[in-house]
Every structure is written in C-alpha cells, then in structure tokens.
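Take a look at the letters that make up each chain.
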Amino acid sequence: MTTSNSPGVTRQVGKMTITPISDLEVELTREFNAPRRLVFEAMTRPEHITHWWGSREAPMVECEIDLRPGGRYRYVIRKEKGGQVYAFRGEFYEIVAPERIVQTFEVEGMPDSIAYETLTLTERDGKTTLRARSRMESIEARDAMLRSGMEAGAAATYDRLEELLATLSK
Amino acid sequence: MTIDQLSGTFGALADPTRRAILARLALGEATVNQLAEPFHLKLPTVSKHLKVLQRAGLVTQSRKAQWRPCRLETAPLREVADWVDQYRRIWDERLTQLDNYLAELQLKEKDRDDKQ
C-alpha cells in the first residue's frame, strides 16, 4: 500500500488535515471562520445539515436527529441521476453543547461498517476548529466503510466524468 | 475501475495473510513454496489466498517458467489509493460546504442584528 496510509502521516487535502492515528483510527481537522456556537448549531440541526452534508450530485433528502444521549440520527442522500439512495445513521453517546459529541456512524444495510466518532469543537479568536476522530471496530469494518462511502462518492464522480465525456465528444 | 472490481480489491486486501503475501511480492517475484515458508502455511492455504489475489488482479503467475513465479501487479493498488483520496475529497467537499454555509448564516445573523 502507499505510505499515505501509514499511521502518523499527516496529509493536507484542501483546508482539511487528515492524520491516521492507527490502522483503525483517523483524525480529521478543519478550521471554520465562525464562532463555535454557530458551528455546533450547523452540525446538529436538521434545517442546517440539509444545506451542507449532501453534495451537488447527491443532495440530502431526509434528516432526522434526536439530539440527546441515547438518541439516534439518520441521514439520507439521493443521487440526482439514477435516484440511488444511501442512508447513514447512528446513536449519540455524549453531547456537550457546543463543544463535544460522541456518536456512532454506520452505513445502513451494512451492520459491519460501524464507526465510533468523537467530534470536538474549540474556538479561538472567533474561529472554530473541528476535530473529528473516527475509530473502526476492525480492518473489515474500516474497509466496508470506505467501500460504501466511496460508492456514494464514486457515483458522483462517474457523473462528472460522464459530463466531461459528453462535453468532449461534442 | 468499476465498483465491483474495487470491492474485489478491498476484499482481497482485508486479510492479513494476503497483505503479507503482497508485501513479500513487493520485494520481488516468488514461488508458491517461497511464499508459504515465512508464514508457516500449508501450500493449499497459500494457493487459496493466491487465487483471491489473482481474481482481484493483484497477483499474476507466470506460465512460462517451470517454477511459475508469482508477481505483484500494482495497478489495482494504485486504483485503491486513488479511491482513498476520493474518500478524503468527499469529506473535504462536505466541510467546505459547511464553511460556506456558516458564512451565509453569519451574514443572515448580521442582517438581522442590523435591522434591530
């Protein structure tokens, strides 16, 4: 495999930093030019989440959140082209507004894909840093997660490729 | 690479013995016997793993030489690395959208405060 997958190698993708912690754990960090209160709201209220969680190619069509320890959430995105639907869900373990959320994340229909996520928000000079640590149960779970996440993302990429090919063949 | 092929590659990589076999082949060609040795595996077990790796296109076995060496094919691994980058891009795109949305929200809040 490539060295980029080795633990401890930090990579910058756009404004996001990815640090593999171990074979089963990865940490994303990203700074936002907004106060923590607002970032927390944007990440936990359905009326906000629908604006950013999906993509142009696969917008969010359902968003349910029961924001309390033991409460569950469910996100559904639907491909514009083809109409395939991908659902993601999880349970909240801990909520400390506006600074910390501990939750599970899984791809619906793939019970082996479960991940444990700890999201931390810290504010400095009016800017907020999101730190998202994601731990998979096993290598199999990690690969299953990666596979499904990529299927959703790959679908969008195929559409872009299709568009590009259509433009080129004119 | 189709999603099915990609699933095949991931499936093949999901096993620690198969990853070790690939790591050995990254050093150079090897026979089935040579592959079995460091893992203390029986030949049929190694053959079984090799079949999975061959189906995923990660390993080819020469038919020319009598000792039929196995070799690593790197193209599918490169594809997987590309797709891992793809996954990272999903998150980058998602968080960039959140960033833009937060800017919008702040403008709205400012508007509302100004009017009051």
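For the structure, see preceding data.
Structure report, in brief. (Residues numbered from 1 in each chain as written. Chains lettered and ligands numbered in written order. Predicted model: local features only at pLDDT ≥ 70, side-chain atom pairs only at ≥ 80, totals over all residues.)

1. Details of the overall build of chain A
Here's step 1: If you tally the helices and strands in chain A, you get 3 helices and 9 strands.
Here's step 2: Helices (α) and strands (β) of chain A occur, in sequence order from the N terminus, as β-β-β-α-α-β-β-β-β-β-β-α.
Here's step 3: Going through the 170 residues of chain A one by one, you find that 24% of them count as buried.
Here's step 4: Once local pairs closer than 6 in sequence are excluded, the contacts in chain A between residues at least 24 apart make up 34%. (Helix = DSSP H or I, 4+ residues; strand = E, 2+ residues; numbered from the N terminus. Buried ≥ 20, exposed ≤ 12 C-beta atoms within 10 Å, placed from the backbone. Contact = placed C-beta atoms within 7 Å.)

2. What about unusual backbone geometry?
Here's step 1: Following A:Ala97, the chain continues into A:Pro98 via a peptide bond in cis, with omega recorded as -5 degrees.
Here's step 2: Checked against the element boundaries, A:Pro98 lands in the loop between strand 6 (85–96) and strand 7 (100–107).
Here's step 3: Phi is positive for A:Asp125, which is not a glycine, with a value near 50 degrees.
Here's step 4: Relative to the helices and strands, A:Asp125 is located in the loop between strand 8 (115–124) and strand 9 (127–136).
Here's step 5: The exposure class assigned to A:Asp125 is exposed, which follows from the 5 C-beta atoms found within 10 Å.
Here's step 6: With a phi close to 40 degrees, B:Arg68 is a non-glycine residue in the positive phi region.
Here's step 7: Among the structural elements, B:Arg68 can be located in the loop between strand 1 (59–61) and strand 2 (70–72).

3. Quick notes on the environment of A:Ala42
Here's step 1: Structurally, A:Ala42 is set in helix 1 (residues 36–44).
Here's step 2: A:Ala42 sits in the buried class, given 21 other C-beta atoms within 10 Å.
Here's step 3: For A:Ala42, the contacting residues outside a window of four places in its chain are A:His48, B:Leu98, B:Tyr101, B:Leu102 and B:Leu105.

4. So, the pairing of strand 4 (residues 60–65) of chain A
On a regular strand, each side chain points to the face opposite its neighbour's, so the side chains alternate between the two faces of the sheet.
Residue and element names in this part refer to chain A.
Here's step 1: Of the pairings in the sheet, the one linking strand 4 to strand 5 (residues 72–78) comprises 5 bridges and is antiparallel in character. Residue Met60 lies in a different strand from strand 5, and its bridge partner there is Ile77.
Here's step 2: Taking the residues that link successive antiparallel strands as the turn, the strand 4-strand 5 hairpin has 6 residues, and the phi of Gly70 there is positive, at about 90 degrees. (Pairing = 2+ DSSP bridges.)

5. A closer look at the packing of helix 2 (residues 16–25) of chain B against helix 4 (residues 43–55) of chain B
Residues and elements named next belong to chain B.
Here's step 1: Running from N to C, helix 2 and helix 4 point in directions that differ by 75 degrees, and their axes come no closer than 10 Å. By the criterion of interaxial angle, the relationship of helix 2 to helix 4 is roughly perpendicular. The residues of helix 4 that touch helix 2, namely those facing Thr17, Arg18 and Ile21, are His49, Val52 and Leu53.
Here's step 2: Taken together, the residues that form the contact of helix 2 with helix 4 break down as 3 nonpolar, 2 polar and 1 charged. (Axes fitted to C-alpha atoms, helices over the stretch in contact; angles between N-to-C directions. Parallel < 35°, antiparallel > 145°, perpendicular 65-115°, else oblique. Nonpolar A, V, L, I, M, F, W, Y, C, P; charged D, E, K, R; others polar.)

6. Some points on the nonpolar core
Here's step 1: The biggest cluster of nonpolar side chains holds 19 residues, and the ones touching the most others in it are A:Phe32, A:Val39, A:Ala42, B:Leu98 and B:Leu102.
Here's step 2: Secondary structure elements with two or more residues in this core: strand 2 (16–22), strand 3 (25–32), helix 1, helix 2 (46–52) and strand 9 of chain A together with helix 5 (75–115) of chain B.
Here's step 3: Membership of the second largest hydrophobic core comes to 13 residues, among which are B:Ala12, B:Ile21, B:Leu35 and B:Cys70. (Core = buried A, V, L, I, M, F, W, Y, C linked by C-beta atoms within 7 Å.)

7. A closer look at the environment of B:Asn33
All names here are of chain B.
Here's step 1: Relative to the elements of secondary structure, Asn33 occurs in helix 3 (residues 32–39).
Here's step 2: Using a count of 10 C-beta atoms within 10 Å as the deciding quantity, one classes Asn33 as exposed.
Here's step 3: Measuring from C-alpha to C-alpha, the distance between Asn33 and Leu43 comes to 7.0 Å, with 10 residues separating the pair along the chain.

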